[in-house]
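Spelled out, the chains give:
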Amino acid sequence: MSDENLSLELEKLCVHYKRHDDLLSFIKKVHEKCGYLSPENIKNVASLWNISVGEIYGLTTFYSFFSTRPLGQNVIRVCRSTPCYLENCDVVVETIEKKFNIRPGGVTEDGKFSLQLISCIGACDQAPAMLINDELYGNLTTRKVEAILKDYEKRQANSFNMRGCDARKADCFRKLWSH
Amino acid sequence: MPERRIVLENCGVIDPGDINTYLSRDGFRALEKARKHMTPQQVINEVKRSGLRGRGGAGFPTGLKWELCTKSPEKERFVICNADEGEVGTFKDRYIIQNDPFGIIEGIGLAGYAIGARKGYIYLRAEYHYLRDLLENAIEQAKTKGFLGEINDGSFGIEVREGAGAYICGEESALMESIEGKRGEARYRPPFPPEHGLWQKPTTINNVETLANIPHIIFKGADWFSQIGTQQSKGTKVFSISGDVEKPGIYELPMGTPLRELVEELSQAKDLKAVQVGGASGRLIPEEKLDTPLAFETVLGAGAIIVFSKDRSIIQVVRRNIEFFAEESCGKCVPCREGTQVMSDILRRFSLGQGNKEDLTVLEELSNAMMLASLCGLGQAAPNSVLDSLIYFRSEYDT
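Now for a look at the structure at hand. (Residues numbered from 1 in each chain as written. Chains lettered and ligands numbered in written order. Predicted model: local features only at pLDDT ≥ 70, side-chain atom pairs only at ≥ 80, totals over all residues. Heavy atoms only, no water.)

1. Some words on the packing of aromatic side chains
The test is simple: We call Phe, Tyr and Trp rings a pair once their centres come within 6.5 Å, taking the six-membered ring for Trp, and we label the pair stacked below 30 degrees between planes, edge-to-face above 60, and tilted otherwise. Secondary structure elements are defined from DSSP: runs of H or I of at least 4 residues count as helices, runs of E of at least 2 residues count as strands, and each element is numbered from the N terminus. Partly exposed residues are those whose accessible area sits between 20% and 50% of the maximum for their type, while under 20% is buried and over 50% is exposed, using a 1.4 Å probe and protein chains only. As a reminder, the over-ring test applies to NZ of lysine and CZ of arginine, requiring each to be within 6 Å of the ring centre and within 35 degrees of the ring normal.
In total, this model carries 18 aromatic pairs over all chains according to the counting rule given. On the numbers, 4.4 Å between centres and 20 degrees between planes, the contact of F100 of chain A with F113 of chain A is stacked. Highlighted residues: F100 of chain A in helix 6 (residues 89-100) and F113 of chain A in strand 2 (residues 113-118), separated in sequence by 13 residues. In terms of burial, F100 of chain A and F113 of chain A fall into one category: buried. One aromatic cluster is present, built from ring pairs that chain together Y22, F28, F102 and F147 of chain B. Above the ring of F65 of chain A, the side-chain terminus of R77 of chain A is found at 3.8 Å from the ring centroid. For R155 of chain A, the ring lying beneath its charged end belongs to Y152 of chain A, and the centroid distance is 4.4 Å.

Following this line, the structure appears as structure tokens:
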């Protein structure tokens, strides 16, 4: 999608969210469309909403689900709060680190996966647990994590080939990564 | 005391995706009863008489909260359902939403009727995004059946708002800031939400579990409800149990049930050393005090119970707690922002066996300063487990 088309789309979306007075959801939408909040995106949101750039930047850095740096297409969030710690969440993190050769906060070279450590996700009865995008996975073991990741890799490949994916999103990412 | 299901009565029994299954179990009868046969003040009086207190941890009397809201001359008012369940070890609200979203909607409808609001919000944490469709579907069905939307001479609607990952947004004033599209930083109070809440309008904010209690109170009456529980804590409490137990999960028990019964009998903990009640910000209870009853007058919080067995290092546990707060502190006030950071450093040293006596003094002094001077509950409650560990497990701080 060209920059122009993107701005047009954002403008349209903005009308909807303004009617509901829902800035946070609008930023979320921008984040979803572009994969992260670039300085340009932040400026765009600020001017569409008629709020200072500083304020929007303040918002994007406050909430842990927003990122001002490119994230992977799939974001893995491993819980490291006390109940998951008791059930060895460190092993989950290590498995992912090894598999993708990344550290917490990092993105795989192909831009497909990000790894983050986060606070309690409310799945303590299934500890250790993690979220991949919006899906919850609990009672994790090394083997289970490996299987889940493999499944995501497969899904990822399929979605690119079959749906022509999100050609838009792919395009957006290619652009980001070329910078 | 055996388990007693009131809030969870419908969980696992109804289909959370089909309102008819809820209706067949007297669903929405309380809301109908209120709208047809009770004035808003009568609803408030009933809730006040029931003795229901907030289930999010603070335990403020719910009826009183509602009444304060109606005292404002401002006519535009809001109800907010706090579904930003971020406290470490708590997952009861997730369970209630997953299994009985209609009960929550009915509770919000009743709160809205009582305080004269036309709009309710459910603030759902981003980590629970996977529950959003379920909630919105339930709202839609309630609308189709005529329980939401245009009613008599007014209207009442519910909208789901989602957070974006911040523990502090479970704190009521930070939550409102977040809905308004700002950084979720705690507000200075007074004024309190019933006076100046969301968009400066009178607002009542209640926890998911609190609201899920309301239909039962209105339908069966305050007298029935207030028979359950203790002197100052009426009704039941939904507990989330995790950690070193055989059967982690959700348990609903009458207020006043001894901690030991819940932990040893129901969730089958063995060889336990301590239990943390109320999540990362809660109190650390050593094994010898397990007979403590669970109630607002003793120890409760939002009902998160994390169990630690004998082979656990308490310092590691406390360190994890404080690291959580250091990460989640909103940064607005100094005692919390700096205090959690310094504590985290000290606890790291102790966990490496490098702490000294002076560090212990600093931990204590800092704890007291934070509890006294922090702006909101986050900083005020963060040192709880540190102080308790210094009382009950001081020998582990080997200096």
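Following the structure, the description resumes.
2. Topic: the interface of chain A and chain B
Selection rule: In what follows, residue pairs with any heavy atoms lying within 4.5 Å of each other are defined as contacts. In short, buried area is how much 1.4 Å probe accessible area vanishes from two parts on joining, totalled over both. When a carboxyl oxygen of Asp or Glu is within 4 Å of a side-chain nitrogen of Lys or Arg, the pair counts as a salt bridge. In protein, a polar contact requires one atom able to donate a hydrogen and another able to accept it; more generally it is a pair of N or O atoms within 3.5 Å, and residues adjacent in sequence count only if both atoms are side-chain atoms. Lys, Arg, Asp and Glu make up the charged group, whereas Ala, Val, Leu, Ile, Met, Phe, Trp, Tyr, Cys and Pro make up the nonpolar group; the residues left over, Gly among them, are polar.
Counting residues at the interface gives 35 residues for chain A and 46 residues for chain B. Buried surface at the junction of chain A and chain B, both sides included, amounts to about 3,200 Å², of which 53% is carbon and sulfur. For the pair chain A and chain B, the interface holds 4 salt bridges. A salt bridge links R80 of chain A to E327 of chain B, with the shortest nitrogen-to-oxygen separation between them at 3.7 Å. For the pair chain A and chain B, the interface holds 18 residue pairs in polar contact (both at pLDDT 80 or more). Those elements giving two or more residues to the side of chain A that touches chain B turn out to be helix 2 (23-34), helix 4 (53-62), helix 5 (82-86) and helix 6 of chain A. Within the side of chain A that touches chain B, the residues separate by chemical class into 18 nonpolar, 9 polar and 8 charged.

3. Description of a nonpolar patch on the surface
This is how the line gets drawn: To count toward a patch, a residue needs a relative accessible area above 30% and no salt bridge. Like charges then connect within 9 Å, nonpolar side chains (Val, Leu, Ile, Met, Phe, Trp, Tyr) within 5 Å. Note on areas: Shrake-Rupley, 1.4 Å probe, and residue coverage restricted to the protein chains presented here.
A cluster of nonpolar side chains, contributed by F60, L64 and L68 of chain B, occupies part of the molecular surface with about 240 Å² of accessible area. One can find F60 of chain B in the loop between helix 3 (40-50) and helix 4 (62-70).

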